[in-house]
Amino acid sequence: MAQYDVGIIGAGPGGYVAAIRARQLGLKVALVERDKAGGVCLNVGCIPSKALIHQAEIYTQAHELTELGATLSLKGFDYQKVYKKSRQAADTLSKGVQFLLKKNNIDYISGQASFKDKGQVIIKKADGQSSTLEARHFIIATGSRPRELKGFEFDEKQVISSTGALFLQQLPKSIIILGAGVIGMEFAHIMNAFGVKVTVVELLDQILAGADSECAAKMRSIFERRGVQFYSSTEAQKMKKNSQGISLSLKGKGAPPELSAEMLLVAVGRAPNSEGLNLEQTGITTKKGTIMVHDYYQTSVANIFAIGDVIDTPQLAHVASKEGEIVVEYIAGKKPRYKRFPDSLYPSAVYTEPELAFFGPTEEQLKEEKVEYQKSVFPYRGAGKSVAIDSTEGQVTLYFSKSHHEFLAAHIIGKHATELVHELLLAKHAELLPEDLADMVHAHPTLSEVSLEASRAAEGWAIHI
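Treat the numbers as computed from the prediction; the structure is a model and nothing was measured. Each chain has its residues counted from 1, following the order in which its sequence is written. This being a predicted model, a pLDDT of at least 70 is required before a residue's local features are given, and a value of 80 or more before pairs of side-chain atoms are given or counted; all residues contribute to the totals for chains, interfaces and linings. Note that water and hydrogens are dropped before the side-chain values are worked out from all heavy atoms of the structure.

### A look at the overall build of the chain
Note on conventions: DSSP H or I runs of at least 4 residues are helices, E runs of at least 2 residues are strands, and numbering of each starts at the N terminus. Looking only at helices and strands, one finds 13 helices and 24 strands in the chain. Under the scheme applied here, a residue whose accessible area is under 20% of the maximum for its type counts as buried, over 50% as exposed, and between as partly exposed, the area being computed with a 1.4 Å probe on protein chains only. Among the 465 residues that make up the chain, the fraction classed as buried is 52%. Each accessible area value is a Shrake-Rupley result obtained with a 1.4 Å probe; residue values ignore everything except the protein chains displayed when judging cover. Carbon and sulfur atoms make up 50% of the accessible area of the chain, which totals about 22100 Å². The charge count includes Lys and Arg as positive and Asp and Glu as negative, but it does not include His or the ends of the chains. Where a charge sits is defined by one atom per residue type, namely NZ (Lys), CZ (Arg), CG (Asp) or CD (Glu). Put simply, the chain has 52 plus and 53 minus side-chain charges, and the middle of one group is 6 Å from the middle of the other.

Put into structure tokens, the structure is as follows:
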């Protein structure tokens, strides 16, 4: 008889949330992790990067005090202290996850797991010893790692990954960022705020692929005014290293033939961590390292499930968490609301300044899918709070169906966009209409009034524009 109801491999946002939810449902759980509790997100991802972004905002605001007549000296500024603050945040939350696991009576096992068969995994510990874990069900939640490009391999000195960027204790004078996705843009924001000369090279025409083109264009314009240089529709063909840094050979309209900087950050996506699991012993189907799943995130082997970055769903911490909840509810015999949570109900967030947040399709996707839609836009400058806090750059864009007026998507660029998006997402989730939000009373003055006015604009009666 199996020792556990559920064995979970990986203690990131997918794995540890699944473990806690499973215990709430009365299942006996073992959680295996080869590194630190909290996974990439808490230790080398979203948490430490947001700590850096917060410090960058403080640094920028210090400069803004000069507009009030203050005389400031940043002579003693030490980026190493910024780095240490980010590690403190990560360590605090990792310990918090360990506390939650202990509180919920979850057996936490440190080591590298690999499948012996569909009912057992072998766990190799740091001291070289091994043990066997048996469970009726397994959940693979092993996450992902920065994707390497051939010819641009990481050395974490001159050519760094996003992980390497988080562990910098001294900033370069100049940096080239290869990739203008979420990770690339967030580090462009951090580096630029601290005075690094930043150049971003993107293969696609648009930065922040997946975001609405209007919002992406606004973001690019704002960054360019701050001195960030962009080369889009540009391919990095070759790299050379020297004692001064690196140089890239470029090919693209408007791009120079060669570009040099002290450091190169390669941020071109993430690769699933499916190797080393000995999946061939189970018969699990994979495609280029990605584990294929069906309803309830079940693999081709009935008792083994996979969630998070190792499967073909958005590589976001909150996506992994929700998938973990659905899996254990299914295992426990409950009927989850969704067999697979709809991508259209997941929020995406970019923590630059201004922030960008959205859910649902872009206007380009709606056109491609021949969806009959209407659009309403409300600018931040129409909300009194944005003027009061000197944050008028931004807008809310709503897309709703032409026939029934239900919400299809929302895209927000502006101050606190990552917080504001959830009111609109709740409206879609609850199948409310723009008229329902338009009739609400929002506190004045608040930035949330931009969502109110965008909803009124959808009904044809926005007040403050």
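That shown, we press on.
### Some details on the sheet that holds strand 8 (residues 159-160)
When DSSP locates at least two bridges between a pair of strands, those strands are taken to pair. Read across the sheet, 5 strands follow the order 8-15-9-10-11 without closing on themselves; strand pairing throughout is parallel. Two strands lie at the open edges of the sheet, namely strand 8 and strand 11 (229-231), each paired on one side alone. One ladder, built from 2 bridges, connects strand 8 with strand 15 (residues 263-266); its direction is parallel. What sits directly across from Val159, in strand 15, is Leu264.

### As for the packing of helix 11 (residues 417-429) against helix 13 (residues 449-458)
The relative placement of two packed helices is expressed as an angle between their axes plus a distance between the axes. Angles run from 0 to 180 degrees between N-to-C directions of axes, and those axes are lines fitted to C-alpha atoms, restricted for helices to the stretch in contact. At a minimum axis distance of 9 Å, the contact between helix 11 and helix 13 shows a crossing angle of 40 degrees. Taken as axis vectors, helix 11 and helix 13 run oblique relative to one another. The handedness of the crossing between helix 11 and helix 13 is right-handed. Only Val450, Ser451 and Ser455 of helix 13 make contact with helix 11, whose side of the interface consists of Leu420, Glu423 and Leu424. In this classification, Asp, Glu, Lys and Arg are treated as charged, Ala, Val, Leu, Ile, Met, Phe, Trp, Tyr, Cys and Pro as nonpolar, and every other residue, Gly included, as polar. Residue classes in the contact of helix 11 with helix 13 are distributed as 3 nonpolar, 2 polar and 1 charged. Our angle categories are set so that under 35 degrees counts as roughly parallel, over 145 as roughly antiparallel, 65 to 115 as roughly perpendicular, and the remainder as oblique. By convention, the crossing between two helices is left-handed when the near helix turns anticlockwise from the far helix through less than a right angle, and right-handed when the turn is clockwise. Contact definition: two residues touch when any of their heavy atoms are within 4.5 Å.

### A look at the packing of aromatic side chains
Here a Phe, Tyr or Trp ring, Trp counted by its six-membered ring, pairs with any other such ring whose centre lies within 6.5 Å, and the pair is stacked when the planes are under 30 degrees apart, edge-to-face when over 60, and tilted otherwise. Here the structure, examined in full by the defined rule, presents 12 aromatic pairs. Ring geometry for Phe223 and Phe230: centres 6.5 Å apart, planes at 50 degrees, overall tilted. What makes Phe223 buried here is its relative accessible area of 1%. Owing to a relative accessible area of 4%, Phe230 belongs among the buried residues under this scheme.

### Remarks on helix 7 (residues 213-225)
If you check helix 7, its first and last C-alpha atoms are 18 Å apart, about what 13 residues at 1.5 Å a residue would give, namely 18 Å. When we look at burial in helix 7, the residues that qualify are Cys215, Ala216, Met219, Ile222 and Phe223. The buried residues of helix 7 occupy one face: seen down the axis, they fall within an arc of 125 degrees. Close packing links the buried residues of helix 7 with helix 6 (182-193), strand 11, strand 21 (355-359) and strand 24 (407-414). Phi turns positive one or two residues past the end of helix 7, at Gly227, with a value near 105 degrees. Helix span, as expected, comes to 1.5 Å for every residue beyond the first. To obtain the arc, one takes the directions from the helix axis to the C-beta atoms.

### A word on the environment of Val293
Position of Val293 among the secondary structure elements: in the loop between strand 18 (290-291) and strand 19 (304-306). Classification of Val293 by relative accessible area gives buried; the value is 13%. C-alpha of Val293 to C-alpha of Ile122: the two residues are 171 residues apart in sequence and 23 Å apart in space. Excluding residues that lie within four positions of it along the chain, Val293 makes contacts with Gln298, Thr299, Ala306, Ile311 and Arg340.

### Concerning the pattern of salt bridges
A pairing counts as a salt bridge when a side-chain nitrogen of Lys or Arg comes within 4 Å of a carboxyl oxygen of Asp or Glu. What the rule picks out here adds up to 14 salt bridges. Among the salt bridges present, the one from Glu224 reaches Arg220, with a minimum N-O distance of 3.1 Å. In this pair, Glu224 and Arg220 are both assigned in helix 7, 4 residues apart and thus about one turn of the helix distant. When its relative accessible area of 37% is taken as the criterion, Glu224 is described as partly exposed.

### Thoughts on unusual backbone geometry
Glycine aside, residues mostly have negative phi, and peptide bonds are mostly found in the trans state. Here the bond from Glu353 into Pro354 is cis, since omega is 5 degrees, no more than 30 degrees from zero. Checked against the element boundaries, Pro354 lands in the loop between strand 20 (348-350) and strand 21. Of the consecutive residues His444 and Pro445, the connecting peptide bond is found in the cis state with omega at 0 degrees. As for its position among the elements, Pro445 is in the loop between helix 12 (434-438) and helix 13. Backbone geometry at His405 places phi at a positive 70 degrees, although glycine is not the residue there. Following the sequence through the fold, His405 ends up in the loop between strand 23 (395-401) and strand 24.

Everything listed here is a matter of geometry and, on its own, says nothing about what the molecule does.
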